[in-house]
Amino acid sequence: MKNIHGMLLIGCSALALTGCGAGDVASSGSGGDIIIENPTPTPTPTPTSGGTVTAADSCPTFAATGGLTNDGIISGPEGTWRVCTLPALVDKSSSLPKIPGVLYRLNGRVDVGCDGGFSAPTAAGYTTTTAACAGRSLTADTNVTLNIDPGVIVYGDNTAAVAWLAVNRGNKLMAEGTAAKPIIFTSRQNVVGLNTESSQGQWGGVVLMGRGITTDCNSGSIASGSTANSCVRDTEGSADPAAFGGNDNTYNAGSIKYVQIRYSGFVLGNGKELQSLTAEAVGDQTKFDYFQSVNSSDDGAEFFGGKVNFKHYISVNADDDSLDIDTGLQGFFQYVLLLQRDGAGDALMEIDSDKNIVSPRQKTAIVNFFGYQPNVSTANNEANDQASVLIRGNADVTWANGIIVSPNNECLRMNGEVSGAGATDYATLKAYSTLLQCNATKYLNTGTFAGGSTAQTSFGSGADNNNDAFTATLSGFFATPTGTAYDVKSISSLFDTATYIGPMSSATDTWFKGWTCDTATANFGSGSACTALPTT
């Protein structure tokens, strides 16, 4: 194993230390230093006039019934665009090609295929419940795939109803961009040039629904690993049913790769919001890699049950939790950047499962990660999760090769929730080669813990190369915290061999550059502001 080297570019406005500039240095600590650059210049601002894009003459062919609706031209700082609106139901496998001067529009909810139910329908038939599918009886999955080509921009328009993409059970979304041509989901306000650094919550988001095992049933009951399992949940706040759950933790909902989702998180119901990406009981055959969430008014992404293998996950400026995982998820996350704006948002991580469900317990490993919470949010974090990370319920969590910089907040809160199920019904944490910078309190403990375990003893500073006295140096260019990395392959074969602490191996390891967009909180050096749209 070797010492780590990594690079992270974070804007001056994100810093919580006194002042901002090359000379502002916190004292060096025993854990090594992480140096965060104040970018010069700041991300390229949105143009105020002109533009180089010219609207295409027409919309492309789209195989689904009704095709794409040509809704005329929309103007923005980058020029003019042809608006091609998707039908409310994509009922046949269809593609959105990259065409210069074309934007694709979600006018309210768009369903990909009809919901096929808990398991694939048979000759006995399954009656769908979503309005778009008109309660039709299915004897097989509709098996619709929506393909989105590299470089495509899709925007949500909430004028008529909340715009979101609902990929139902038995169907797929194949959204695979490239490092040079990411796929962008964003809002109408972003298109017309109205957004600022604080814009958020302007449309719904992308929801993938699968047949993995989930807990906290809205209907049925949970019996993990048994054919008796019938647990189904509904997408939070959706008036029109959007169900997920089943017995298949290998379920394939498609692929999300080199994708940005911006300015999402609209309220569907009282206290219930969509986030940029919601993965509900999808399985490990679903591919997640190179994903950026920007300015979600709820979570950066949320994962309900199933099994997920996710690499290269970035959340910037989530107004709730940067990473939210629950209801029995079996999760594996590697190369993770969780970056909150100063004085906003809730926790970097909220990890929980219902306290009354013993099996399946949520088991999640997060490795090679960096979480940055420059300041506490009195209106959000202090009133809710209270620390930079909250672990509770039946959640078993493993951290390795991670860094959390939260100088003005407690780093870790563990909430023991022992119920009638017995002494094993409480949250656990195992940490290896993880560095924390916290306020003076560092840990919070609430609820009841079996065996006297606490947040502090669970983290175990001084053991397994963990250090809760790490001090970050927030200036300069390049991060070099030292320490012996942990072999993450010993946690799961799903992980890459990564012999360093943090999400980047060296100053030249810039996996985050080019396919991302830049904000005042996080300038990834991509040269493209999130408030603007690519023109090629």
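Predicted model only: the values in this text are computed from it and were never measured.

Engineer: For the overall build of the protein chain, give the residues involved together with the corresponding values.
Structural biologist: Of the regular secondary structure elements, the protein chain holds 2 helices and 34 strands. The burial tally for the protein chain puts 61% of its 536 residues in the buried class. The long-range fraction of contacts in the protein chain, counting pairs at least 24 apart against all pairs at least 6 apart in sequence, stands at 74%. Looking at the protein chain as shown, the accessible area adds up to about 17,800 Å², and 49% of this sits on carbon and sulfur atoms.

Engineer: Run through the packing of aromatic side chains, naming residues and quoting values.
Structural biologist: On inspection of all chains with the given rule, the structure shows 19 aromatic pairs. When the centroid spacing of 5.9 Å and the interplanar angle of 50° are considered together, the rings of Phe-512 and Phe-524 count as tilted. Separated by 12 residues along the polypeptide, Phe-512 in the segment after β34 (480–481) and Phe-524 in the segment after β34 bring together distant segments of the chain. You'll find Phe-512 and Phe-524 in the same group, each marked buried.

Engineer: Summarise the environment of Asp-487; cite the residues concerned and give the values.
Structural biologist: Looking at the element boundaries, Asp-487 is found in the segment after β34. Assessed through its relative accessible area of 36%, Asp-487 is described here as partly exposed. It is 9.2 Å that separates the C-alpha atoms of Asp-487 and Tyr-432, two residues lying 55 residues apart in sequence. Of note is the side chain of Asp-487, whose polar atom sits 3.1 Å from the backbone nitrogen of Lys-489.

Engineer: Can you lay out the pattern of salt bridges for me, pointing to particular residues and giving the numbers?
Structural biologist: Two side chains of opposite charge can pair, provided their charged atoms sit close to one another. What the rule picks out here adds up to 12 salt bridges. The closest approach of N and O atoms between Asp-240 and Arg-109, which form a salt bridge, is 3.5 Å. Linking Asp-240 in the loop between β16 (233–234) and β17 (243–244) with Arg-109 in strand β7 (residues 109–112), this pair joins segments that are 131 residues apart in sequence. For Arg-109, a relative accessible area of 13% puts it in the buried group. The shortest N-O distance in the salt bridge between Glu-350 and Arg-392 comes to 3.7 Å. Separated by 42 residues along the polypeptide, Glu-350 in strand β27 (residues 349–351) and Arg-392 in strand β29 (residues 389–392) bring together distant segments of the chain. On the basis of relative accessibility, which here comes to 24%, the residue Arg-392 falls in the partly exposed class.

Engineer: Report on unusual backbone geometry, specifying residues and quantitative values.
Structural biologist: Non-glycine residue Thr-327 carries a positive phi angle of around 45°. Note on placement: Thr-327 falls in the loop between β25 (323–326) and β26 (330–339). By relative accessible area, Thr-327 is classed as buried at 4%. Even without glycine at this site, Asn-368 takes up a positive phi of about 50°.

Engineer: Provide a residue-level description of the environment of Leu-348, including the pertinent values.
Structural biologist: By the secondary structure assignment, Leu-348 is in the loop between β26 and β27. Exposure remark for Leu-348: the relative accessible area of 1% places this residue in the buried category. Placed 56 residues apart in sequence, Leu-348 and Ile-404 show a C-alpha to C-alpha distance of 8.9 Å.

Engineer: So what about the state of the cysteines? Which residues, and what values?
Structural biologist: As used here, a disulfide is simply a covalent bond connecting the sulfur atoms of two cysteines. Counting across every chain of the model gives 5 disulfides. Across the disulfide from Cys-114 sits Cys-133; the S-S distance is 2.1 Å. Judged by the sign of its S-S torsion, about -100°, the bond between Cys-114 and Cys-133 is left-handed. Within this pair, whereas Cys-114 is found in the loop between β7 and β8 (126–127), its partner Cys-133 is found in the loop between β8 and β9 (137–138), the two being separated by 19 residues in sequence. Accessibility classification places Cys-114 together with Cys-133 in one group, the buried group. Through a disulfide, Cys-411 is tied to Cys-438; the S-S separation comes to 2.1 Å. Disulfide Cys-411-Cys-438: the torsion about the S-S bond is -110°, which places it as left-handed. Residue Cys-411 is located in the loop between β30 (395–405) and β31 (412–417), and its partner Cys-438 is located in the loop between β32 (428–437) and β33 (443–448); the two are separated by 27 residues in the primary sequence. On the accessibility criterion, Cys-438 (13% relative accessible area) is buried.

Engineer: Quick rundown of the environment of Ile-256? Include the residues and the values.
Structural biologist: Mapping Ile-256 onto the fold places it in strand β18 (residues 254–262). Judged by its relative accessible area of 3%, Ile-256 falls in the buried class. Once the C-alpha coordinates of Ile-256 and Lys-287 are considered, the two residues, 31 residues apart in sequence, prove to be 6.1 Å apart.

Engineer: Before we move on, can you summarise the pairing of strand β15 (residues 205–209) with the specific residues and values?
Structural biologist: Counting buried positions along β15 gives 5 out of 5 residues, so the element sits mostly inside the fold. Residue alternation in β15 divides its side chains into two sets, Gly-205, Val-207 and Met-209 and Val-206 and Leu-208, and both sets are buried. One ladder, built from 4 bridges, connects strand β12 (residues 164–167) with β15; its direction is parallel. Its bridge partner being in β15, Leu-165 is matched across the sheet by Val-206. Of the strand pairs in this sheet, β15 and strand β21 (residues 277–280) are connected by 4 bridges, and their pairing is parallel. Directly across from Leu-208, in β21, lies its bridge partner Ala-279.

Engineer: So what's going on with the side chain of Ser-322? Which residues, and what values?
Structural biologist: Structurally, Ser-322 is set in the loop between β24 (307–316) and β25. Engagement of the side chain of Ser-322 in a polar contact is seen with the side chain of Gln-340, the distance being 3.4 Å. In this view, Ser-322 contacts Gly-300, Ala-301, Tyr-313, Ser-315, Leu-338, Leu-339, Gln-340, Ala-347 and Leu-348; residues no more than four positions away in its chain are not counted.

Engineer: Can you break down the confidence of the model for the protein chain residue by residue, with the values?
Structural biologist: On average, residues of the protein chain score 86 in pLDDT, and 84% of them reach the 70 mark or higher. Confidence over residues 1–49 falls short of pLDDT 50; this stretch has 166 contacts with residues more than four positions distant or in other chains.

Engineer: Lay out the side chain of Thr-130 with the relevant residues and their values.
Structural biologist: By the secondary structure assignment, Thr-130 is in the loop between β8 and β9. The contact partners of Thr-130, leaving out residues within four places of it in the chain, are Arg-109, Asp-111, Gly-135, Asn-168, Asp-240 and Pro-241.

Rules and cut-offs
- Residues numbered from 1 in each chain as written.
- Predicted model: local features only at pLDDT ≥ 70, side-chain atom pairs only at ≥ 80, totals over all residues.
- Heavy atoms only, no water.
- Helix = DSSP H or I, 4+ residues; strand = E, 2+ residues; numbered from the N terminus.
- Buried < 20%, exposed > 50% of the residue type's maximum accessible area, 1.4 Å probe, protein only.
- Contact = heavy atoms within 4.5 Å.
- Areas by Shrake-Rupley, 256 points an atom, 1.4 Å probe, with all protein chains shown as cover.
- Phe/Tyr/Trp six-rings, centres within 6.5 Å; stacked < 30°, edge-to-face > 60°.
- Polar contact = N/O pair within 3.5 Å; in protein donor to acceptor, adjacent residues only side chain to side chain.
- Salt bridge = Lys/Arg side-chain N within 4 Å of Asp/Glu carboxyl O.
- Disulfide = S-S within 2.5 Å.
- Pairing = 2+ DSSP bridges.
- pLDDT = per-residue confidence, 0-100.

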